[in-house]
Amino acid sequence: MNVLIVYAHPNPHSFNAAMREVAVGTLSRAGHSILLSDLYAMRFNPVLSAEELQGDLSAIQPEIEKVRRADLLLFQFPNWWYGMPAILKGWMDRVFACGFAYDEAHSFENGLLKGKKALLSLTVGARADYYQQAPERDLLRVLEPIHYGCLAYCGMEVLPPFIVYGPTEMSEAERKAALEAYRQYLLALPQLRPLRFSHMG
Ligand SMILES: Cc1cc2nc3c(=O)[nH]c(=O)nc-3n(C[C@H](O)[C@H](O)[C@H](O)COP(=O)(O)OP(=O)(O)OC[C@H]3O[C@@H](n4cnc5c(N)ncnc54)[C@H](O)[C@@H]3O)c2cc1C
């Protein structure tokens, strides 16, 4: 399949960069074709313009073309303030445009990106036990605006996210193990069952 990796981290030596490299290596060795949008390297402009809002998608056509070709959209990013880095939020604002990703008559089950899969791969600053201490820290709940409000809304099947907790605090061995766990997760992609949402009955 064609996999579009949308990668949002400003530091090419970050743990997110290492995860992106694991994805590129693992998926291409498994026979998939990789398309990449490295948003900071591209100096991607995240600001949705008035022209785009009125339907002129010419400036965003290259990204739209990548999404069109992709069977799987894989988003790699750090959790910043319980969400995506602004550059990635802006990519979604601009690329998942009305008329391309959805329209008034096409959302959820018949969203215009139906047939594609999406996967969030992210890092968070705190360790896993922090996230287990309160319902407000439930990361599936935190990620719902992206999973449900955006990806499922546009018709995509949303795969369960892969999350690395606290890579900054990890030992070198723990980081190696986290990257290996990610490799194994990607190898098992065909077996992953998509998330279920209430509109699916
Ligand atoms: C604006 C902002 C808001 C934030 N909000 C939140 C929040 O709401 N909730 C939350 O939990 N966290 C939050 N954070 C923390 C953030 O999520 C973490 O800093 C981030 O997820 C860590 O990932 P990283 O790729 O930036 O790690 P890095 O700091 O880049 O990397 C971690 C370590 O991995 C090492 N490394 C890099 N490559 C490799 C490799 N190949 N093999 C082994 N080790 C390697 C690096 O050298 C480094 O030592 C926020 C941070 C910012 C800046």
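No experiment lies behind these values; they were computed from the predicted model shown.

Roughly 360 Å³ of volume is contained in the largest pocket. Among the secondary structure elements, those contributing two or more residues to the lining of the largest pocket are helix H2 (50-53), helix H4 (86-95) and helix H7 (144-152).

Attention now goes to the site of the ligand. Around the ligand sit 21 residues in total, of which His9, Asn16, Asn79, Thr123 and Tyr131 are the nearest. Tyrosine 82 is positioned such that a nitrogen or oxygen atom in its backbone is 3.1 Å from an oxygen atom of the ligand. Backbone polar atom of alanine 126 to an oxygen atom of the ligand: 3.3 Å apart, as the coordinates give it. Against a free-state accessible area of 1000 Å², the protein chains account for coverage of 66% of the ligand. Put simply, the parts of the chain that give the shell around the ligand at least two residues each are helix H1 (15-29), strand S4 (117-124) and helix H8 (172-187). When its residues are assigned to classes, the shell around the ligand shows 11 nonpolar, 8 polar and 2 charged.

Counting residues in hydrophobic clusters, the biggest one holds 45 residues, and the most contacted among them are Phe75, Leu88, Trp91, Phe96 and Leu151. Elements with a minimum of two residues in this core: strand S1 (2-7), helix H3 (61-69), strand S3 (72-78), H4, S4, helix H6 (139-142) and H7. A total of 5 residues in this core trace back to one element, the largest contributor, which is H4. Formed by 22 residues, the second largest nonpolar core is a distinct cluster that contains Leu74, Leu159, Val164 and Tyr182.

Calculation criteria
Residues numbered from 1 in each chain as written. Predicted model: local features only at pLDDT ≥ 70, side-chain atom pairs only at ≥ 80, totals over all residues. Heavy atoms only, no water. 1 Å grid on protein atoms, 1.4 Å probe; cavity = no way out; pocket = protein on both sides within 12 Å on 5 of 7 lines; lining within 4 Å. Points joined across faces, edges and corners; volume = space filled by probe spheres on them. Helix = DSSP H or I, 4+ residues; strand = E, 2+ residues; numbered from the N terminus. Near = heavy atom within 4 Å. Polar contact = N/O pair within 3.5 Å; in protein donor to acceptor, adjacent residues only side chain to side chain. Areas by Shrake-Rupley, 256 points an atom, 1.4 Å probe, with all protein chains shown as cover. Nonpolar A, V, L, I, M, F, W, Y, C, P; charged D, E, K, R; others polar. Core = buried A, V, L, I, M, F, W, Y, C linked by side-chain atoms within 4.5 Å. Buried < 20%, exposed > 50% of the residue type's maximum accessible area, 1.4 Å probe, protein only.

Function cannot be inferred from these measures alone, as they are strictly geometric.
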